[in-house]
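Listed below, chain by chain, are the residues.
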Amino acid sequence: MNIQDGAQAQRSGGSGDLLLRTVSSVVLLSLALGAAYLGGLVATVVAAFFAVIVLFEWVRMTSGKSERSIVFAVALVAAILAAGFGMTLLACAIAGLATIAAAVVFREAWLPSGIVYAAVLGIGIMAIREAPEYGFAALFFVLAVVWATDSGAYFAGRLIGGPKLSPVISPKKTWSGAIGGLAAAVLAGCAAARLTQDVPLTVPLIAVAIVLSVFCQAGDLFESWVKRRFGAKDSGSLIPGHGGIMDRVDGLIFATASAAGIGAVHGGADGIGRGLLLW
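Residues numbered from 1 in each chain as written. Predicted model: local features only at pLDDT ≥ 70, side-chain atom pairs only at ≥ 80, totals over all residues. Heavy atoms only, no water.

Caption draft 1: Structural context of the packing of helix α4 (residues 70–84) against helix α6 (residues 110–129). The N-to-C vectors of α4 and α6 enclose an angle of 25°; their axes lie 9 Å apart at closest approach. When the axes of α4 and α6 are compared, the pair comes out roughly parallel. Crossing of α4 against α6: the hand is right-handed. Packed against α4, whose contacting residues are F72, L76, A79, I80, A83 and G84, the element α6 presents L111, I115, A118, A119, G122, I123 and M126 at the interface. (Axes fitted to C-alpha atoms, helices over the stretch in contact; angles between N-to-C directions. Helix = DSSP H or I, 4+ residues; strand = E, 2+ residues; numbered from the N terminus. Parallel < 35°, antiparallel > 145°, perpendicular 65-115°, else oblique. Left-handed = near helix turned anticlockwise from the far one by under 90°. Contact = heavy atoms within 4.5 Å.)

This is the structure we're talking about:
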């Protein structure tokens, strides 16, 4: 979510827009938390829905030809369904084959990149949630870190201001916002871990929250760069007051990828949840 983007700020300056944004945020957060809590088929369907919308928005923004993504959206859904049933390797194989096919057929990098981008979101979320141990706790931890990073960066940036973080890519983002997002992420992540599974608060866990927050902000900057590259203000208009789905999950995509990677390296392919939280 490009929370400090100038154009976005102008659109949401009025009290009516702020109310609309708030309501949209509450609805999306409730949907995400509800699906994460229920897990299984419900979480799989929600993850697949968001991933497919991200793919459509990416293709429309980068090529203006969203029909290109229809066949690959089917493959993406199949991959996420496989991940939802615990077959993460098969899910990655399906997504990988779709990516290669897109590169061979269209001979350009943007569509294959979009498949990877959307697949990371859906497969990553399901790999974390369906971990045999600490699945919900780990996903709740990631969601809390991402939400707190976005909110902390927004409020710290507005209240403190100061030097710009990346004036070329996103002129409104500040270092104070980035640091505020990091601080909020640590607090929210630790609180989420304690609330769900009474996870011990250790220095490595705090470090993980910081790493996820950094990746979250990197994802935000990445989408800002892509939108600037193609002259787009928003990835879409599906969400009232917020733009597209991709505008809301850009940081989550990068954070999910890093979380799944950390969990798998530390806890093994079958211990992503435990590996992410227990140190």
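Caption draft 2: Fine view of unusual backbone geometry. Within the chain, R107 stands out as a residue other than glycine whose phi angle is a positive 50°. Locating R107 in the fold gives a position in the loop between α5 (88–106) and α6. One non-glycine residue, D198, lies in the positive phi region at around 50°. One can find D198 in the loop between α8 (175–197) and α9 (203–230).

Caption draft 3: Fine view of the environment of I272. Among the secondary structure elements, I272 is positioned in helix α11 (residues 272–277). I272 sits in the buried class, given a relative accessible area of 7%. A C-alpha to C-alpha distance of 8.4 Å links I272 and A259, two positions 13 residues apart in sequence. Leaving out residues up to four positions away in the same chain, I272 has contacts with A127, I128, A131, A260, G263 and A264. (Buried < 20%, exposed > 50% of the residue type's maximum accessible area, 1.4 Å probe, protein only.)

Caption draft 4: Summary view of the packing of helix α3 (residues 40–63) against α4. Where α3 meets α4, the axes come as close as 9 Å, and the angle between the chain directions of the two elements is 150°. Classified by the angle their axes make, α3 and α4 are roughly antiparallel. Where α3 crosses over α4, the handedness of that crossing is right-handed. Across the interface between the two elements, T44, A47, A48, A51, V52, L55 and F56 of α3 pack against I70, F72, A73, L76, V77, I80, L81 and G84 of α4. Residue classes in the contact of α3 with α4 are distributed as 13 nonpolar, two polar and no charged. (Nonpolar A, V, L, I, M, F, W, Y, C, P; charged D, E, K, R; others polar.)

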